[in-house]
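Summary of the model geometry
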Amino acid sequence: MNGFNDDLFAFLNDEIIEFSIRELLAYQFDTSKFPFTVQGYTKKEKIDFMKGIITDIEKCIEMIEKDENAKLGAV
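The text that follows walks through the structure, step by step, so that each part is easy to find. (Residues numbered from 1 in each chain as written. Predicted model: local features only at pLDDT ≥ 70, side-chain atom pairs only at ≥ 80, totals over all residues. Heavy atoms only, no water.)

Brief notes about the layout of surface pockets
Volume-wise, the largest pocket comes out at about 250 Å³. Of all the secondary-structure elements, those providing two or more residues to the lining of the largest pocket are strand 1 (8–13), helix 1 (21–28) and helix 2 (43–74). Considering each element in turn, the lining of the largest pocket owes the most residues, 4 residues, to helix 2. Grouping the constituent residues of the lining of the largest pocket by class yields 10 nonpolar, no polar and no charged. (1 Å grid on protein atoms, 1.4 Å probe; cavity = no way out; pocket = protein on both sides within 12 Å on 5 of 7 lines; lining within 4 Å. Points joined across faces, edges and corners; volume = space filled by probe spheres on them. Helix = DSSP H or I, 4+ residues; strand = E, 2+ residues; numbered from the N terminus. Nonpolar A, V, L, I, M, F, W, Y, C, P; charged D, E, K, R; others polar.)

Some thoughts on the pattern of salt bridges
Summed over all chains, the structure comprises 2 salt bridges. A salt bridge links Lys-44 to Asp-48, with the nearest nitrogen and oxygen atoms 2.7 Å apart. Linking Lys-44 with Asp-48, this pair stays in helix 2, spanning 4 residues, or about one helical turn. One salt bridge in this structure joins Lys-71 and Glu-68, with 3.6 Å as the shortest N-O distance. Here the residue Lys-71 and the residue Glu-68 both occupy positions in helix 2, the gap between them amounting to 3 residues, near one helical turn. Overall, Glu-68 belongs to the partly exposed group, its relative accessible area being 40%. (Salt bridge = Lys/Arg side-chain N within 4 Å of Asp/Glu carboxyl O. Buried < 20%, exposed > 50% of the residue type's maximum accessible area, 1.4 Å probe, protein only.)

Observations concerning the packing of aromatic side chains
Going through the model one piece at a time under the given rule, you end up with 2 aromatic pairs. Ring geometry for Phe-29 versus Tyr-41: centroids 4.9 Å apart, planes at 75°, classification edge-to-face. Here Phe-29, found in the loop between helix 1 and helix 2, pairs with Tyr-41, found in the loop between helix 1 and helix 2; they are 12 residues apart in sequence, far enough to count as distant. Phe-29 sits in the buried class, given a relative accessible area of 13%. Relative to Phe-49, the ring of Phe-29 lies with its centre 5.4 Å away and its plane at 90°, an arrangement referred to as edge-to-face. You can see Phe-29 sitting in the loop between helix 1 and helix 2 and its partner Phe-49 sitting in helix 2, a full 20 residues away along the chain. (Phe/Tyr/Trp six-rings, centres within 6.5 Å; stacked < 30°, edge-to-face > 60°.)

What follows is the structure, given as structure tokens:
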């Protein structure tokens, strides 16, 4: 992942939790948290996880665009 832009993101829930994409992936696919030995995650599982995040971000962008367009139409 050379040249990868690893910006920090924040999650607000009673406290602010900052994390990078690398940290999110490391946490999501950490096999050491299981009390038993696991094979690990497949490339497809990791890609599907990231595609889900991208889909959520695209939905948020669409909502912002609709809101901004509605504000412009009301002026």
